[in-house]
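# Report on the structure
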Amino acid sequence: SALALAAPFFFSWPALITCVALAFITGSFGVCMGYHRLLTHKSFQTYRPIRWLLAALGGLSGEGSALMWVAQHRKHHAFSDHEGDPHSPKDGRWWSHMLWFMPNFSRSWRDELFERYAPDMLKDKVIVVLHYLFLPSHFLCAGVLYLFGYFGPESWGLGSNWAGWSMILWGLGVRMVYVLHATWFVNSATHLWGYRNYETTDNSRNLWWVGLLAFGEGWHNNHHAYQRVARQGHRWWEIDVTYWAIWMMEKVGLAWNVIRVKDIPKGIAH
C-alpha cells in the first residue's frame, strides 16, 4: 500500500504499461488460471513445467503461496458461508474482503491446514519450494523491475534511478494492490450482491463488475454450482477472459481434459 501511495509521484508510461501487463499475468494467469482453476479444482491438465510456472506467477500476486492459497480455497468451498469458512461476509464485510488475510496463524495451524486440504500439493516438491520462496520472490521481482528501469533505453523514458523506482512502484506496488482487491472482491462482493443462475447452499452471486475486474472470477454462483468447470461465465454476456486463455492453450496442445458443464452429470454440483 505504501508503494502504491508513492506511485503517482513516479508516474511514467512504461511503468503503467508494465503494471497492466503484470496485473494480467499474475492475476489472470497466476491466480485465476493457476491457483484456482488448475491447482485447486483441477479444471484442466497441463505439463508440469507450465503448472510450476503458473504457481510461481500466482505467488507474485502477493496472495500467498500456491500451497496456502489452494488449502484456504478448498476449505472455503467445504464450509462456504457456514461456520468454518475462512472469509464469509457473515463474519463481517471487511473481514471477508481483506481482514481474514491478516492474522498470523501458527506453524502447527498451517501444517494441519495443508495436510487436510492440500495433501496432493505437499507431494509436489517444486510447489513446496515455491511456498518457501514466496517472500524472496517479491524482492527478486522488485530487483528485476528496478534494473529494467535503470538500464532500459532512454528513448522509452527509462535509463535512470528515477525510472527504476517508477517501475517498482507501479509494477509491484500498484499492480499488487489491484490484483489483491480484485480477488478479494470475489470473497466479499460476490457473496453479497448480484444474481443467481443456480440454487446453491451458500450465498454466492454473479456480479458483472467483479467478473470484469477479476478476469472472469466474478461469475461466482456459476462457479459454486459447478466448481470443477473451467469456464465460469455460463451465459453469453458473462465474459471470462481466463477461460479464453485456457481455450487457446487447449487448441495448441498445452491444456487437455478441460472440464465443461456438459461433462458434469445433470443436477449434480461439483
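Scroll up to find the structure this text is about.
Now for a look at the structure at hand. (Residues numbered from 1 in each chain as written. Predicted model: local features only at pLDDT ≥ 70, side-chain atom pairs only at ≥ 80, totals over all residues. Heavy atoms only, no water.)

## Comments concerning the nonpolar core
Membership of the largest hydrophobic core comes to 28 residues, with the highest contact counts inside it found for M33, L39, F44, A66 and M121. Among the elements of the structure, helix 2 (13–40), helix 3 (48–59), helix 4 (66–78), helix 6 (107–117) and helix 13 (241–251) are those that each provide at least two residues to this core. With six residues, helix 4 is the single largest residue contributor to this core. If near-sequence neighbours (up to four positions away) are discounted, A66 is found in contact with Y35, L39, A55, M121 and I127. Within the second largest apolar cluster, 16 residues are counted, among which are A7, L60, A142 and L169. (Core = buried A, V, L, I, M, F, W, Y, C linked by side-chain atoms within 4.5 Å. Buried < 20%, exposed > 50% of the residue type's maximum accessible area, 1.4 Å probe, protein only. Helix = DSSP H or I, 4+ residues; strand = E, 2+ residues; numbered from the N terminus. Contact = heavy atoms within 4.5 Å.)

## Considerations on the packing of aromatic side chains
Inspection of the entire model under this criterion finds 14 aromatic pairs. Each ring, one from F11 and one from W13, has its centre 5.2 Å from the other, and the planes form 80°; the classification is edge-to-face. On the basis of relative accessibility, which here comes to 33%, the residue F11 falls in the partly exposed class. Centroid distance W236 to W237: 5.8 Å. Interplanar angle 90°. Geometry classified as edge-to-face. Assessed through its relative accessible area of 75%, W236 is described here as exposed. Classification of W237 by relative accessible area gives partly exposed; the value is 38%. Among the aromatic residues, those joined into a ring-pair cluster are F24, F29, Y178 and F215. A cation sits over an aromatic face here: R116 above Y117, 4.7 Å from the ring centre. (Phe/Tyr/Trp six-rings, centres within 6.5 Å; stacked < 30°, edge-to-face > 60°. Lys NZ or Arg CZ within 6 Å of the ring centre and 35° of its normal.)

## Section: unusual backbone geometry
Residues apart from glycine generally show negative phi values, whereas peptide bonds are mostly found in trans. Even without glycine at this site, K42 takes up a positive phi of about 55°. Position of K42 relative to the elements: it lies in the loop between helix 2 and strand 1 (45–46). On the basis of relative accessible area, K42 is assigned to the partly exposed category, the value being 43%. Phi is positive for F215, which is not a glycine, with a value near 60°.

## Let's talk about helix 9 (residues 134–151)
The first and last C-alpha atoms of helix 9 sit 26 Å apart over 18 residues, in line with the 26 Å expected at 1.5 Å per residue. Turning to helix 9, its buried residues are H138, C141, A142, L145 and G149. Looking down the long axis of helix 9, one finds its buried residues gathered within 100° of arc, a one-sided arrangement. Residues F139, L140 and F151 are exposed on helix 9 and point more than 90 degrees away from its buried face. On its buried face, helix 9 sits against helix 2, helix 3 and helix 10 (161–187). (Expected span 1.5 Å × (residues − 1). Arc of directions from axis to C-beta.)

## Here's the deal with the environment of S88
Positionally, S88 belongs in the loop between helix 4 and helix 5 (93–97). By relative accessible area, which is 2% here, S88 ends up buried. Here the alpha-carbon distance between S88 and W100, two residues twelve residues apart in the chain, equals 9.2 Å. Not counting residues up to four positions away in its chain, the partners in contact with S88 are D81, W95 and S96. A distance of 2.8 Å separates polar atoms of two side chains, one belonging to S88 and the other to D81. (Polar contact = N/O pair within 3.5 Å; in protein donor to acceptor, adjacent residues only side chain to side chain.)

## Some words on the packing of helix 9 against helix 10
At a closest axis distance of 7 Å, the pairing of helix 9 and helix 10 adopts a crossing angle of 140°. One element, helix 9, and the other, helix 10, form an angle in the oblique class. Every pair of crossing elements has a handedness; the one defined by helix 9 and helix 10 is right-handed. Contacts from H138, C141, A142, L145, Y146, F148, G149 and Y150 in helix 9 reach N161, A163, G164, W165, M167, I168, G171, L172, R175 and M176 in helix 10. (Axes fitted to C-alpha atoms, helices over the stretch in contact; angles between N-to-C directions. Parallel < 35°, antiparallel > 145°, perpendicular 65-115°, else oblique. Left-handed = near helix turned anticlockwise from the far one by under 90°.)

## Section: a nonpolar patch on the surface
A grouping of W208, L212, I239, W244, W247 and M248 is seen on the molecular surface, where their side chains present a nonpolar patch of about 680 Å² in accessible area. Counting only elements with at least two residues in the nonpolar patch, the list comes to helix 11 (208–213) and helix 13. For the nonpolar patch, the element with the highest residue contribution is helix 13, accounting for three residues. Following the sequence through the fold, W247 ends up in helix 13. Residue W247 is classed as partly exposed on the basis of its relative accessible area, which comes to 40%. (Patch = residues over 30% accessible without salt bridge, like charges linked within 9 Å, V, L, I, M, F, W, Y side chains within 5 Å. Areas by Shrake-Rupley, 256 points an atom, 1.4 Å probe, with all protein chains shown as cover. Salt bridge = Lys/Arg side-chain N within 4 Å of Asp/Glu carboxyl O.)

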